[in-house]
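In case you want the letters, here they are:
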Amino acid sequence: MSDKTENREPVDKLPVTGPLAKRLEQVQQRMNRACRQAQRAVSSVRLLAVSKTRSSDEIRALRAMGVGAFGENYLAEAERKLHQLSQQDIEWHFIGPMQSNKTKAIAALFDWVQSVDREKIVRRLADQRPAQRPALQVLIQVNIDREPQKSGCLPEQLDALVDSIVQRKELNLRGLMAIPAAASRDSTASFEEMAALFESLKQQHAQIDTLSLGMSSDLEPAIEAGSTMIRIGTDLFGPRTT
Ligand SMILES: *Cc1c(COP(=O)(O)O)cnc(C)c1O
């Protein structure tokens, strides 16, 4: 796999036809509108296409429309698709819960991991990142609403986890990710807490530039709060059937 650059064709410059293109255009318009509303540059928010359960053909089609970053949740499914799409210039993000017996393959295959949440995972990913590959780009997942069943470190565990990552040259800490609770409270409050943690982390480490917040249903409040990367599945590919 070749190194990936992070600068991609702007997706809004490409021809748009068919249902997938239509949905991409709608997501793009929502992003643009939310950025304008928040008085932020459109270029300050990246789009991650969440392709779990979607076929390699759907990914290929979206790639051809200019989307360059895709997120996968399940290793076995991702291994199959990454193999089928190995000729495509795609930046792959692992965004699913991390199991320690999966870290070796994840460290070998992915460009980014957004769901790092404990030191054991940090250690394994760093030890297992192949020497010929560039540093693995890492986000720490924060369990901002303290849900017992959810992945992510608690806010008070963040500092120790940050220290363990920045000590490893095989890893490049880029920022934070969260999935707020579905219904327990207004996600705006969770987004704002994440933004505060992100700002404080940015003060401490110069390379921090990524706050991964917002999905199909809440990309607008996420951008308003300061998200720099929205993760969209349903509203790009249509409803998941599996
Ligand atoms: C599935 C998933 C998404 C996308 O959710 P949609 O509501 O389909 O846009 C984003 N982030 C993570 C971590 C996911 O698992």
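Residues numbered from 1 in each chain as written. Predicted model: local features only at pLDDT ≥ 70, side-chain atom pairs only at ≥ 80, totals over all residues. Heavy atoms only, no water.

Within the protein one finds 9 helices and 8 strands. Against the globule reference of 18 Å for 242 residues, the protein gives a C-alpha radius of gyration of 17 Å, in line with a compact fold. Each principal axis of the C-alpha distribution contributes one length, and for the protein these read about 50 × 40 × 35 Å. Looking at the protein as shown, the accessible area adds up to about 11400 Å², and 49% of this sits on carbon and sulfur atoms. The distance from the centre of the 33 positive side-chain charges to the centre of the 31 negative ones in the protein is 4 Å. (Helix = DSSP H or I, 4+ residues; strand = E, 2+ residues; numbered from the N terminus. Rg over C-alpha atoms; globule rule 2.2 N^0.38 Å. Areas by Shrake-Rupley, 256 points an atom, 1.4 Å probe, with all protein chains shown as cover. Lys, Arg positive; Asp, Glu negative; His and termini not counted. Charge placed at Lys NZ, Arg CZ, Asp CG, Glu CD.)

Across all of its chains, the model carries 2 aromatic pairs by this definition. Relative to W92, the ring of F70 has its centre 6.0 Å away and its plane inclined at 45°; by these criteria the two rings are tilted. With F70 in strand 2 (residues 69-72) and W92 in strand 3 (residues 91-94), this residue pair connects regions lying 22 residues apart in the sequence. Pair check on accessibility: F70 and W92 agree, each one buried. With a centroid separation of 5.3 Å and 80° between ring planes, the pair formed by F94 and F110 is classed as edge-to-face. You can see F94 sitting in strand 3 and its partner F110 sitting in the loop between helix 4 (103-109) and strand 4 (112-116), a full 16 residues away along the chain. (Phe/Tyr/Trp six-rings, centres within 6.5 Å; stacked < 30°, edge-to-face > 60°. Buried < 20%, exposed > 50% of the residue type's maximum accessible area, 1.4 Å probe, protein only.)

With that out of the way, let us pick up the site of the ligand. Close to the ligand lie V50, K52, N73, I95, I179, M215, S216, R231, I232, G233, T234 and R240, which account for all nearby residues. Between the ligand and N73, the relevant distance is 2.7 Å, taken from an oxygen atom to a side-chain nitrogen or oxygen of the residue. A distance of 2.9 Å separates a nitrogen atom of the ligand from a polar side-chain atom of R231. When the ligand sits alone it has 380 Å² of accessible area, and the protein chains cover 89% of it. The residue inventory of the shell around the ligand, partitioned by class, reads 5 nonpolar, 4 polar and 3 charged. (Near = heavy atom within 4 Å. Polar contact = N/O pair within 3.5 Å; in protein donor to acceptor, adjacent residues only side chain to side chain. Nonpolar A, V, L, I, M, F, W, Y, C, P; charged D, E, K, R; others polar.)

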